[in-house]
Structure formats: C-alpha cells, structure tokens
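Now for the letters of each chain:
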Amino acid sequence: MKPYIYITRKLPDEVLMPLQKHYVVNMWEQEEVPVPREILLGEAEKADALLTVLADTIDEGILTAGKNLKVVANLAVGFDNIDLKVANRQGIAVCNTPDVLTDTTADLTFALLMATARRIVEAAEFVKAGKWESWSPLLLAGQDIHHKTIGIVGMGKIGETVAKRAKGFDMNILYHNRSRKPEIEQKLGAMYVSFAELVEKADFIVCLTPLTPDTKHMFTRDVFKKMKSSAIFINAGRGPVVDEEALYEALVAEEIAGAGLDVFAKEPISADHPLLKLTNVVALPHIGSSSMETRVEMMRLCIDNIEVVLNRKEPKTLVNKEWKPVIKA
Ligand code: DGY
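Criteria and cut-off values
Residues numbered from 1 in each chain as written. Predicted model: local features only at pLDDT ≥ 70, side-chain atom pairs only at ≥ 80, totals over all residues. Heavy atoms only, no water. Core = buried A, V, L, I, M, F, W, Y, C linked by side-chain atoms within 4.5 Å. Buried < 20%, exposed > 50% of the residue type's maximum accessible area, 1.4 Å probe, protein only. Helix = DSSP H or I, 4+ residues; strand = E, 2+ residues; numbered from the N terminus. Domains from an automatic or database assignment. Contact = heavy atoms within 4.5 Å. Polar contact = N/O pair within 3.5 Å; in protein donor to acceptor, adjacent residues only side chain to side chain. Near = heavy atom within 4 Å. Areas by Shrake-Rupley, 256 points an atom, 1.4 Å probe, with all protein chains shown as cover. Nonpolar A, V, L, I, M, F, W, Y, C, P; charged D, E, K, R; others polar. Axes fitted to C-alpha atoms, helices over the stretch in contact; angles between N-to-C directions. Parallel < 35°, antiparallel > 145°, perpendicular 65-115°, else oblique. Left-handed = near helix turned anticlockwise from the far one by under 90°. Buried area = accessible area lost by both parts, 1.4 Å probe. Salt bridge = Lys/Arg side-chain N within 4 Å of Asp/Glu carboxyl O. Pairing = 2+ DSSP bridges. Arc of directions from axis to C-beta.

Caption draft 1: Representation of the nonpolar core. Ile150 and Ile152 are the most contacted members of the largest nonpolar core, which totals 52 residues. Here the element with the most residues in this core is helix 12 (residues 292-310); it accounts for seven residues. Composition of this core by domain shows at least three residues from each of domain 1 (4-98 + 291-310) and domain 2 (102-283). Beyond its immediate stretch of four places on either side in the chain, Ile152 contacts Gly159, Val162, Ala163, Ile173, Leu174, Tyr175, His176, Leu198, Val206 and Leu208. Val199, Leu261, Leu275 and Leu278 belong to the second-largest nonpolar core, a separate cluster that totals 29 residues.

Dropping the structure here:
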C-alpha cells in the first residue's frame, strides 16, 4: 500500500506532482481557511505524514491519533505550534524550513523597519486619499534609519541577516541572544549586550526570538517604559513574545514612537483590534517568508523531508534531534 500524506493547505499542483507517483496525497483544498480540527484528527489517524502550516495546532490529540504517523513537516522555520515532547514520545520526526527563508524574512523585517520609521504606509494612503495639497517642509517626516542603533533580540540566522542589512545602512548593531556569536561580532561589528541594555540604547528594537516558555511576554510594559521615547519596535518573530496590551499602552502613552508588526498574539488579528487604530503602527499579515520563490522552496523542502523520513532516513532539517526512526505500519 502506498504511504498516505495529508497536506493541511492547498499547495500548487506542480509542487505536489513528484509525490503522486509513490504516495497517496490528500489535501485540504482551501488556501486561506484552516482545516477544521475534526477533519485534521481524522486525517492524522490515517496519515503516514502530515505537511502542516504554522496556523495548525499539532498537539497531543493529533499526534497520538496518528498511529502510523512518522513525520510532521511544518511549512515554517518556527515550530511552536507542534508539541515536540509528544512527537518524541511517539517517534514522530518534526521538520521545519530554515535557511531557505532566511534572506526573504530578513528583507521583510528590514522593510517593516523602514516602512515604520519613514511612515511609508501612512504616506501612501495619504496620496491615494487625495490629501496631498502641496510640498511642505515637515510633511510626513519620519525618522532616519542610517547611523542609528539597531538592537536585535534573537541572533539566529534571520537576526544575522537583518544585521547584514543594518550594516549596509551604517547602523550601530547591538544584539541579545541566549548565546554569544563571536563570528557575527567580528564580521559585522555587532555588540553583545544584556536585554536591559539593548532595550535602553536601541533606536530600533527588532524582535526575532522564537516563542518558548522563557520568551513568552518578554516585552512587558516595564520593558517598553525603558525604551527611548523615539524608539521603534519591530516584531517579525512570534506574537506571544509581546504583551500586546502593554505595547498598545506604551504607544498611546508615547513611551515609544511606533511599531511594525508582522506577527500577533492571535492570528489573524481582528480588524477592530486597538493596535490597528494607531497611525504609528504598521501591521502585516505574517508574511515574513512570503515571496513566491521562497514559499515554493519551503514547500519543496517539506516534501523532501517527508520522502526522506518515509524512506527511513534522517531528514535534512529535523527539529527533534533525538528522533530515531521507529518501525510503524
Ligand atoms: C516562520 O516561517 O516561522 C516565520 O514566521 C516566517 O514568516
């Protein structure tokens, strides 16, 4: 019998083509609506492999339902939507899509920083609304980016790639990370500082840290209070790293100058969320890695990982390193 692969969002046919010959492939046929939990549960029961997205909650219920499940390939570098402990216990390989999305996500992060600092979205809306009457000296004046201080929280591959972009803008680079990165310090002139120092000194605080129990609500009201009143906060990591109510209060109290957000505590964010009412907030729908080229690469990597695991080999980008293939039906 051919192994069964279930895909939780509609992916392009050309990406799936190579799979059809050797596997039974079934897919939730909608691009923007998540697969309902009861359907996912039923599919997990039958599946040898799941290709999931970051909006799917792959918890104990799903993983234990998957009696034959050998691999979950998540179309994201983050994997906080998957219960790794249970996956380990069940002998299920969990894979993500690092590397292929690094540059694209760094581009978006820097674009968000620039858009927020230079008020690009506000300015574009201003022109389209027919409000532009004359050139004026301080019309939509934003903040400079060049020669300012960027503080990167989470110096992984994406953080490093954002730092490279910052270097091109002659920025002073501070970073905070679980471990120091001497090569990055040497190559890019980045300086390791404590979280408290970064928050106080940076003009742009860029959050790229993964979501873990330790980083949840790392950005509290107290933290925002310590930032410069001219500081701009950028989040392209995970929403729950930030206490959103605290961010809103800090913006309203003008304790910081603006925020550029690609991620939110609850996604999709509701259109009447108070943060979206603020002109100094630039909000995007979690599109960090969303270029055509990169998304196709990510899909291919997921498929590659699935095939490798189904052939009882070690996948390229395994998250749970302690995983060992176990013989399942
Ligand atoms: C991911 O893939 O985890 C990131 O959120 C990129 O958008």
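On we go from here.
Caption draft 2: How the structure looks around the side chain of Glu185. When you line up the elements, Glu185 lands in helix 8 (residues 182-188). Take Glu185: its relative accessible area is 17%, and that puts it in the buried class. Within the structure, Glu185 has its side chain in polar contact with the side chain of Arg180 (distance 2.8 Å). Setting aside its immediate chain neighbours within four residues, Glu185 contacts Tyr175, Arg180, Ala190 and Tyr192.

Caption draft 3: Summary view of the site of the ligand. Around the ligand, the neighbouring residues are Ala76, Val77, Gly78, Leu101, Arg238, His286, Gly288 and Ser289. In this structure, His286 approaches the ligand through a side-chain N or O atom, which is 2.6 Å from an oxygen atom. In the complex, 96% of the free accessible area of the ligand, which totals 230 Å², lies under the protein chains. Each residue belonging to the shell around the ligand can be placed in one class, and the counts come to three nonpolar, four polar and one charged.

Caption draft 4: Quick peek at unusual backbone geometry. With omega at -5°, the peptide bond leading from Glu267 into Pro268 counts as cis. Within the secondary structure, Pro268 sits in the loop between strand 11 (258-261) and strand 12 (281-283). Of note, Asp99 is a non-glycine position whose phi angle comes to about 65°, a positive value. Examined against the element boundaries, Asp99 turns out to sit in the loop between strand 5 (93-95) and helix 5 (102-117). Take Asp99: its relative accessible area is 41%, and that puts it in the partly exposed class. Unusually for a residue other than glycine, His286 sits at a positive phi of about 50°. Checked against the element boundaries, His286 lands in the loop between strand 12 and helix 12. Residue classification places His286 among the buried positions, given a relative accessible area of 18%.

Caption draft 5: Expanded view of the packing of helix 5 against helix 7 (residues 157-168). Interhelical geometry of helix 5 versus helix 7 gives an angle of 55° and a closest axis separation of 8 Å. By the angle class used here, helix 5 and helix 7 are oblique. Between helix 5 and helix 7 the crossing geometry is right-handed. From helix 5, Thr102, Asp103, Thr105, Ala106, Asp107, Thr109 and Phe110 reach across to helix 7, where they touch Lys157, Ile158, Thr161, Val162, Arg165 and Ala166. Its residues placed into classes, the contact of helix 5 with helix 7 shows five nonpolar, four polar and four charged.

Caption draft 6: Structural detail: the domain arrangement of the protein. Partitioning the protein into domains gives domain 1 (4-98 + 291-310) and domain 2 (102-283). A straight line from the C-alpha centre of domain 1 to that of domain 2 covers 31 Å. Facing the seven residues of domain 1 at the interface are five residues of domain 2. Buried surface at the junction of domain 1 and domain 2, both sides included, amounts to about 480 Å², of which 51% is carbon and sulfur. Two residues, Arg238 and Asp80, come together in a salt bridge whose shortest N-O distance is 2.9 Å. Linking domain 1 with domain 2 are two residue pairs in polar contact (both at pLDDT 80 or more), by the criterion used here. Of the residues in the side of domain 1 that touches domain 2, the class split is three nonpolar, three polar and one charged.

Caption draft 7: Quick look at the sheet that holds strand 5. An order of 2-1-3-4-5 is seen for the five strands of this open sheet, with the pairing classed as parallel. Of all strands in the sheet, those with a lone pairing partner are strand 2 (24-27) and strand 5, marking the two edges. Neighbour to neighbour, the strand axes of the sheet diverge by 15° on average, direction disregarded. The pairing of strand 1 (residues 4-7) with strand 2 spans four bridges and is classified as parallel.

Caption draft 8: Summary view of helix 11 (residues 244-252). Taken residue by residue, helix 11 has Glu244, Ala246, Leu247, Ala250 and Leu251 as its buried positions. Projected down its long axis, helix 11 carries its buried residues within an arc of 155°, all on one side. On the buried face of helix 11, the contacting elements are helix 10 (221-226), strand 10 (232-235), strand 11 and strand 12. Capping the start of helix 11 is the job of one residue whose side-chain oxygen sits 3.2 Å from the backbone nitrogen of Glu245: Asp243.

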